[in-house]
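Examining the three-dimensional arrangement
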Amino acid sequence: MSTPPKPARRSLKDLTDQERGQLNRWRLVLGKSAEQSGLHLSPGVGDGDCEGAEAALDFLFDERGGGSSGSNLTVPRWIDSVNELFPRQAKEVLERELVQRKGIHKLLEQPELLERIEPNVELVKTLLTHKDLLTPKTRVLARKVIDKVVNELKKKLEVRVEQAITGAIRKDKHSPRRVFKNLDLRTTLRRNLKNWNGERQKLLIDRIWFHAAERNKRPWHVIVCVDQSGSMLESAIFSAVMASIFAELPGVKTSLVLFDTQIVDLSDKVGEPVDVLLSVQLGGGTDITRALEYCSGLVREPARTITVLITDFYEGRSEEDLVRVVRRLVDANVRMVGLGALGYDAQPQYNRSTAGRLRKEGMDILVCTPEKLAEAMGKIITG
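Because the structure is predicted, anything quoted here is derived from the model rather than measured.

Quick notes on the rules
Residues numbered from 1 in each chain as written. Predicted model: local features only at pLDDT ≥ 70, side-chain atom pairs only at ≥ 80, totals over all residues. Heavy atoms only, no water. Helix = DSSP H or I, 4+ residues; strand = E, 2+ residues; numbered from the N terminus. Buried < 20%, exposed > 50% of the residue type's maximum accessible area, 1.4 Å probe, protein only. Contact = heavy atoms within 4.5 Å. Areas by Shrake-Rupley, 256 points an atom, 1.4 Å probe, with all protein chains shown as cover. pLDDT = per-residue confidence, 0-100. Core = buried A, V, L, I, M, F, W, Y, C linked by side-chain atoms within 4.5 Å. Axes fitted to C-alpha atoms, helices over the stretch in contact; angles between N-to-C directions. Parallel < 35°, antiparallel > 145°, perpendicular 65-115°, else oblique. Left-handed = near helix turned anticlockwise from the far one by under 90°. Nonpolar A, V, L, I, M, F, W, Y, C, P; charged D, E, K, R; others polar. Expected span 1.5 Å × (residues − 1). Pairing = 2+ DSSP bridges. Right-handed = clockwise from strand over helix to strand, strands pointing away.

Points about the overall build of the protein
- Looking only at helices and strands, the protein features 15 helices and eight strands.
- In the protein, which comprises 383 residues, the share counted as buried stands at 45%.
- Sequence separation of at least 24 residues holds for 77% of the intrachain contacts in the protein that already meet a minimum separation of 6.
- A total of about 20,200 Å² of accessible surface is found on the protein, and carbon and sulfur atoms cover 49% of it.

Structural data, given as structure tokens:
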């Protein structure tokens with residue numbers, strides 16, 4: 001039996017207006033990967049799925065609300081349809097559009113939908129932006145969503161961050177002696193939890209960690225100072241995760257400060273990133289100088305202190321005040337790192353003029369991923 005010939009590829013000029021519209025929608029959903037793969041229409045293949053996908057896209061993008069097919073989709077049915085018809089990457093794009101186009105109110109009216117949407121950083125940003133609208137029930141669900149995203153980010157990051165910084169600390173100090181008084185019990189237990197034997201009810205230890213000899217005398221102090229303005233929200237999410245990882249590292253003390261025109265010291269919550277994020281208050285002015293002055297009061301040993309400032313560098317007061325406080329900290333031998341953005345997809349829009357002045361005073365200015373930040377801090381430690 002002969003194999004039927006494959007449908008011939010069709011060029012853009014051969015498509016009808018309706019087909020061009022469908023193609024553009026698919027490209028919108030699939031992004032750059034659609035262009036890279038040479039996305040084209042193949043009539044007659046998967047018509048049922050195509051009709052369902054078209055109805056789902058109509059529900060989302062048709063300004064008239066119902067789509068040309070007369071679909072009677074509701075938000076719950078739409079979510080089910082998207083789960084069945086689209087790969088995960090496309091699902092996240094579509095669900096982000098759902099929240100933006102249909103509004104957070106749809107989720108608040110039917111809070112069970114929060115449990116069915118794929119948790120991602122964009123959804124966390126939306127929930128944090130509208131957290132004042134959360135009811136007691138939706139607040140519990142929102143916390144579950146945020147917790148899941150934060151834990152996934154932390155799981156992804158902690159190994160590389162720990163390698164970069166603990167490796168640097170080991171080089172920075174004498175090699176640890178493998179004696180009982182140097183035993184790092186907390187790290188040893190945490191790192192071996194994966195070896196728990198349920199049948200024997202015993203924790204099997206395959207590696208033991210020891211503190212460096214000077215750990216208790218001269219720990220590094222990392223001060224994470226985060227701008228709460230709305231444009232920095234994604235960076236704030238990654239900052240909370242990174243601070244929680246720093247707090248678990250041997251030989252590191254971590255402080256966490258949030259600011260706008262006021263200061264909130266959340267160092268006591270640094271190991272609880274979800275609580276930190278739910279404490280973020282978006283909006284208001286920005287007083288970077290005041291925040292850094294507060295951080296300077298936390299410094300005990302300047303040469304062992306790294307201050308990581310995450311901000312858009314748009315100062316709400318005289319820029320000269322900000323330059324002076326940075327110069328004072330740098331002159332005291334505090335290492336200063338300024339981040340215009342922290343994350344994977346963050347689009348940095350920061351005041352490059354002010355950042356440039358601070359760079360001249362000795363502040364390292366970066367726009368980077370969390371892993372690159374850890375590498376930069378490792379270089380500072382081994383300096």
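Having put the structure on the table, let's press on.
Concerning the confidence of the model for the protein
- Taken over all residues, the pLDDT of the protein has a mean of 78, while the share at 70 or more is 70%.
- Of the regions scoring below 50 in pLDDT, residues 31-48 engages in 13 contacts with residues more than four places distant in sequence or in other chains.

Remarks on the nonpolar core
- Within the largest apolar cluster, 50 residues are counted, with the highest numbers of intra-cluster contacts made by Ile165, Phe246, Val308 and Leu373.
- For this core, the leading source of residues is helix α10 (residues 233-247), giving 10 residues.
- Apart from residues no more than four positions distant in its own chain, Val308 is found in contact with Val222, Ile223, Val224, Cys225, Val337, Leu339, Leu373 and Met377.
- Counting 24 residues, the second-largest nonpolar core is a separate cluster that includes Cys225, Phe259, Phe313 and Leu322.

Some details on the packing of α10 against helix α15 (residues 370-382)
- The geometry of α10 relative to α15 is characterised by a closest axis approach of 11 Å and an angle of 45° between their N-to-C directions. By the angle between their directions, the pair α10 and α15 is classed as oblique. Here the hand of the crossing between α10 and α15 comes out right-handed. On α15, the residues touching Phe238, Met242 and Phe246 of α10 are Pro370, Leu373, Ala374 and Met377.
- For the contact of α10 with α15, the class distribution of residues is seven nonpolar, no polar and no charged.

Remarks on α10
- The terminal C-alpha atoms of α10 lie 21 Å apart, and with 15 residues this matches the ideal 21 Å at 1.5 Å per residue to within 8%.
- Judged by how many residues are buried, α10 sits mostly within the fold: 14 of 15 residues are covered.

Remarks on the pairing of strand β4 (residues 252-259)
- Of all eight residues that make up β4, seven are buried, and the element is covered over most of its length.
- Summarising the sheet, strand β3 (residues 220-227) and β4 pair through eight bridges and their orientation is parallel. The residue of β4 that forms the bridge with Cys225 is Val257.
- A crossover connection joins β3 to the parallel β4 through α10; in handedness this β-α-β unit is right-handed.

Some words on the sheet that holds β3
- Taken together, the six strands give an open sheet; going across it, the order is β5-β4-β3-β6-β7-β8, and neighbouring strands pair in mixed fashion. Both edges of this open sheet fall to β5 (263-265) and β8 (364-368), since each of them pairs with a single strand only. Ignoring strand direction, the axes of neighbouring strands in this sheet form an average angle of 25°.
- Here α15 sits on the sheet in contact with β3, β6 (305-310), β7 (335-342) and β8, set at roughly 170° to β7.

A look at unusual backbone geometry
- Phi at Phe313 is positive, roughly 65°, even though this residue is not glycine.
- Turning to its location among the elements, Phe313 is positioned in the loop between β6 and α13 (319-331).
- Phi at Asn333 takes a positive value of approximately 85°, unusual for a residue other than glycine.
- Here Asn333 is to be found in the loop between α13 and β7.
- The partly exposed category is assigned to Asn333, whose relative accessible area is 44%.

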